[in-house]
Amino acid sequence: MNSSVVVQKTASTAMENYAEGSKRSVGDQQQPVVLSRYESQKRRDWNTFGQYLKNQRPPVSLSQCNSNHVLEFLRYLDQFGKTKVHLHGCVFFGQPDPPAPCTCPLRQAWGSLDALIGRLRAAYEEHGGSPENNPFGNGAIRVFLREVKECQSKARGIPYKKKKKKKINPIKLVHDELKNPRQTTNFGPPKEIEMDSGRFFAPQE
Ligand SMILES: [Zn+2]
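What comes next concerns the included structure. Everything numeric in this text was worked out from a predicted model, so none of it was measured.

## So, the overall build of the protein
Looking only at helices and strands, the protein features six helices and two strands. Along the protein, from the amino end to the carboxyl end, the secondary structure elements read α-α-α-β-β-α-α-α. Within the protein, buried positions represent 20% of all 205 residues. Intrachain contacts of the protein at a sequence separation of at least 6 include 66% that bridge at least 24 residues.

## Quick look at unusual backbone geometry
Of note, the amide linkage connecting Arg57 to Pro58 takes the cis form, showing an omega dihedral of -5°. Along the chain, Pro58 falls in the loop between helix H2 (37-54) and helix H3 (67-77).

## What about H2?
Given a rise of 1.5 Å per residue, 18 residues ought to cover 26 Å, and the 26 Å separating the end C-alpha atoms of H2 matches this to within 8%. Within the span of H2, buried status applies to Gln41, Lys42, Asp45, Thr48, Phe49 and Tyr52. The arc that holds the buried residues of H2, viewed along the axis, is 130°, so those residues lie on one side. Those residues of H2 that are buried are in contact with H3 and helix H4 (110-126).

## Focus on the nonpolar core
Phe73, Leu113, Ile117, Leu120 and Phe136 are the most contacted members of the largest nonpolar core, which has 15 residues in total. For this core, the secondary structure elements donating two or more residues are H2, H3, H4 and helix H5 (139-156). The greatest single-element share of this core, amounting to six residues, is contributed by H4. Setting aside residues up to four positions removed in sequence, Leu120 forms contacts with Asp45, Trp46, Phe49 and Phe136.

## A word on the environment of Leu71
Examined against the element boundaries, Leu71 turns out to sit in helix H3. Sequence spacing of Leu71 and Phe136 is 65 residues, and the spatial spacing of their C-alpha atoms is 9.2 Å. If sequence neighbours within four positions are ignored, Leu71 has contacts with Ala140, Ile141 and Phe144.

## Topic: the packing of H3 against H5
Helix-helix packing: each pair is described by the crossing angle between the helix axes and the interaxial distance. H5 packs onto H3 with a crossing angle of 25° between their chain directions and a minimal axis gap of 9 Å. As summarised for this structure, H3 and H5 are arranged roughly parallel, according to the angle between their axes. Handedness of the crossing formed by H3 with H5: right-handed. Seen from H3, the contacting residues are Ser67, Val70, Leu71 and Leu74; seen from H5, they are Ala140, Ile141 and Phe144. Residue classes in the contact of H3 with H5 are distributed as six nonpolar, one polar and no charged.

## Some words on the environment of His69
Assignment of secondary structure puts His69 in helix H3. Considering only alpha carbons, one finds His69 and Leu53, 16 residues apart in sequence, at a separation of 8.0 Å. Setting aside anything within four residues of it in sequence, one finds His69 in contact with Leu53, Val60 and Pro135.

Calculation rules
- Residues numbered from 1 in each chain as written.
- Predicted model: local features only at pLDDT ≥ 70, side-chain atom pairs only at ≥ 80, totals over all residues.
- Helix = DSSP H or I, 4+ residues; strand = E, 2+ residues; numbered from the N terminus.
- Buried ≥ 20, exposed ≤ 12 C-beta atoms within 10 Å, placed from the backbone.
- Contact = placed C-beta atoms within 7 Å.
- Expected span 1.5 Å × (residues − 1).
- Arc of directions from axis to C-beta.
- Core = buried A, V, L, I, M, F, W, Y, C linked by C-beta atoms within 7 Å.
- Axes fitted to C-alpha atoms, helices over the stretch in contact; angles between N-to-C directions.
- Parallel < 35°, antiparallel > 145°, perpendicular 65-115°, else oblique.
- Left-handed = near helix turned anticlockwise from the far one by under 90°.
- Nonpolar A, V, L, I, M, F, W, Y, C, P; charged D, E, K, R; others polar.

See below:
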């Protein structure tokens, strides 16, 4: 009796550690390997994408999956976005810091989509997909992401500079993210995907 209680307790502690994303050190040899933030995000993304394919009518198997499915998936995610992207008719078009709200739609930020594709591309090959057929590495996805980047850059009045010229302070952003890591999940999609923080910086470990 006692031993089963102990086992349960250990399991739930392990789950907490997993959910926490690894603040505690792994002292107990029974605990599973604690995934990094990137690895656990990648796993969630992969599960979300798999669920998305399953929910298609008719369902799409991974071997049938092509870049069109990926593009549709990215568009589908826009409804969960939190980044204001001004339309051409909006008076705030091109203003990085509008003084008042407007009715323009919220989208997934380019940086979030770009990082997501990177994770899914890696996950696809980790799950046995071949690099040659990797739909996430398809040229159509690159073109799509570049268009989103240019469009959002103009609409939001924010130039996306090359990395070495970047003025954004990544250390501060990571710090903010650590201080308040769950702030973006309130209106997220059902599969606990953590996508759009409304920033351009996506941490990559
Ligand atoms: Zn607007």
